[in-house]
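Each chain, written out:
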Amino acid sequence: MKPVIHLIDVTDFALPDGTKSSDWFRNALDALDLIDSVDFRKYDGVSLELPALAGSSGDAHGIIVSGSAGAVFEDKPWIEPLVDFLREAHARNAWVLGVCFGHHALATALGGRVEFNPRGREMGTVPVYLTPEGKRDPLFAGFSSGDMANLVHRTHVSKMPDGAVRLAFNRMTPTQAFRIGRSYGVQPHPEFSP
């Protein structure tokens with residue numbers, strides 16, 4: 001049985017070429033020659049389509065939540081159900097990766113705080129530094145402290161959830177990544193190319 005990746009796409013904006021985050025993740029997995037070795041399932045989180053928790057929390061399953069144009073504290077009908085889903089997925093010990101907006105939603109679900117970054121918008125390909133814990137974490141295998149990452153955000157995790165371990169940072173954003181159990185939040189977009 002192939003490992004299953006449940007990608008919750010919360011792309012709530014239109015691009016001229018019609019692509020969404022799920023397309024970029026699929027392309028990234030394909031570029032890494034991994035797409036054929038996983039069962040890639042996508043869900044339209046903006047339409048409140050979420051995977052069944054019972055079927056997405058086993059060891060062979062992983063949940064990814066994509067980026068979005070908005071902030072996790074905005075009043076959009078799909079945000080609260082997503083945050084509730086992430087809280088329950090974490091409680092069930094699911095493997096979770098929140099990317100950008102997903103990073104913020106995961107932090108919120110687990111008791112952290114997300115606010116507008118007082119340093120302003122961070123956008124572009126910028127250095128990200130690993131903490132000692134980040135250097136040891138398998139999520140960052142092959143990534144060196146100070147390597148470049150692709151980012152675009154105006155809000156940030158201003159307080160990590162209790163018990164979370166900070167894995168990465170930079171001058172603009174003190175929490176570029178955190179881990180709590182099997183749940184990871186990352187500000188950079190691994191699916192973007194420069």
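Owing to the predicted nature of the structure, the values given are computational and were not obtained by experimental measurement.

1. Quick look at the packing of aromatic side chains
Part 1 of the reasoning: The final tally for this structure, using the stated rule, is 5 aromatic pairs.
Part 2 of the reasoning: Centre to centre, the rings of W24 and F192 are 5.4 Å apart; their planes meet at 75°, and the pair counts as edge-to-face. Taken as a pair, W24 in helix 1 (residues 21-31) and F192 in the segment after strand 12 (183-186) lie far apart in primary sequence, 168 residues in all.
Part 3 of the reasoning: Taking relative accessible area as the criterion, W24 reaches 17% and is therefore assigned buried.

2. Overview of the pairing of strand 4 (residues 95-99)
Part 1 of the reasoning: Buried residues dominate strand 4, accounting for 4 of its 5 residues.
Part 2 of the reasoning: Where strand 3 (residues 61-65) lies against strand 4, 4 bridges are found, and the strand directions are parallel. When the sheet's bridge partners are listed, G62 is paired in strand 4 with W95.
Part 3 of the reasoning: Assessed by its sense of winding, the connection that carries the chain from strand 3 through helix 2 (residues 79-91) to strand 4 is right-handed.
Part 4 of the reasoning: Sheet topology note: the strand 4/strand 12 ladder contains 4 bridges and is parallel. The residue of strand 12 that forms the bridge with V99 is V186.

3. Side note on the pattern of salt bridges
Part 1 of the reasoning: Tallied over the full model, the rule gives 10 salt bridges.
Part 2 of the reasoning: For D59, the salt bridge identified is with R182, shortest N-O distance 2.5 Å. Of the two residues, D59 sits in the loop between strand 2 (39-44) and strand 3 while R182 sits in the loop between strand 11 (177-180) and strand 12, which places them 123 residues apart along the sequence.
Part 3 of the reasoning: Between E74 and K76 there is a salt bridge, with its nearest N and O atoms 3.2 Å apart.
Part 4 of the reasoning: We classify E74 as partly exposed; its relative accessible area is 27%.
Part 5 of the reasoning: What you see here is one network of salt bridges that share partners, running through D12, E74, K76 and R154.

4. Re the side chain of H103
Part 1 of the reasoning: Summarising the element assignment, H103 is placed in helix 3 (residues 101-109).
Part 2 of the reasoning: The exposure class of H103 is buried, given its relative accessible area of 0%.
Part 3 of the reasoning: Side-chain polar atoms of H103 contact the backbone oxygen of G185, separated by 3.4 Å.
Part 4 of the reasoning: Among the polar contacts made by the side chain of H103, one reaches the main-chain amide nitrogen of V186 at a distance of 3.3 Å.
Part 5 of the reasoning: When neighbours within four sequence positions are excluded, H103 is seen to be in contact with G98, V157, T175, Q176, A177, F178, G185, V186 and Q187.

5. Observations concerning helix 3
Part 1 of the reasoning: Extensive coverage of helix 3 is indicated by the burial of 8 of its 9 residues.
Part 2 of the reasoning: G111, located one to two residues past helix 3, shows a positive phi value of around 100°.

6. Quick notes on the sheet that holds strand 10 (residues 165-169)
Strands pair in a sheet through their backbones, by hydrogen bonds, and they do so in one of two ways: parallel or antiparallel.
Part 1 of the reasoning: One open sheet accounts for 8 strands, arranged 2-1-3-4-12-11-10-7; its pairing is mixed. Sheet topology places strand 2 and strand 7 (129-130) at the edges, where each strand pairs with a single neighbour.

7. As for the nonpolar core
Part 1 of the reasoning: One finds I63, L82, L86 and F101 to be the most contacted residues of the largest nonpolar core, which totals 26 residues.
Part 2 of the reasoning: Counting residues per element, the ones that place at least two in this core are strand 3, helix 2, helix 3 and strand 11.
Part 3 of the reasoning: Considering every element that reaches this core, the biggest residue donor is helix 2, with 6 residues.
Part 4 of the reasoning: Those residues in contact with L86 that lie beyond four places of it in its chain are V65, V96, A105, L106 and A109.

Procedures and definitions
Residues numbered from 1 in each chain as written. Predicted model: local features only at pLDDT ≥ 70, side-chain atom pairs only at ≥ 80, totals over all residues. Heavy atoms only, no water. Phe/Tyr/Trp six-rings, centres within 6.5 Å; stacked < 30°, edge-to-face > 60°. Helix = DSSP H or I, 4+ residues; strand = E, 2+ residues; numbered from the N terminus. Buried < 20%, exposed > 50% of the residue type's maximum accessible area, 1.4 Å probe, protein only. Pairing = 2+ DSSP bridges. Right-handed = clockwise from strand over helix to strand, strands pointing away. Salt bridge = Lys/Arg side-chain N within 4 Å of Asp/Glu carboxyl O. Polar contact = N/O pair within 3.5 Å; in protein donor to acceptor, adjacent residues only side chain to side chain. Contact = heavy atoms within 4.5 Å. Core = buried A, V, L, I, M, F, W, Y, C linked by side-chain atoms within 4.5 Å.

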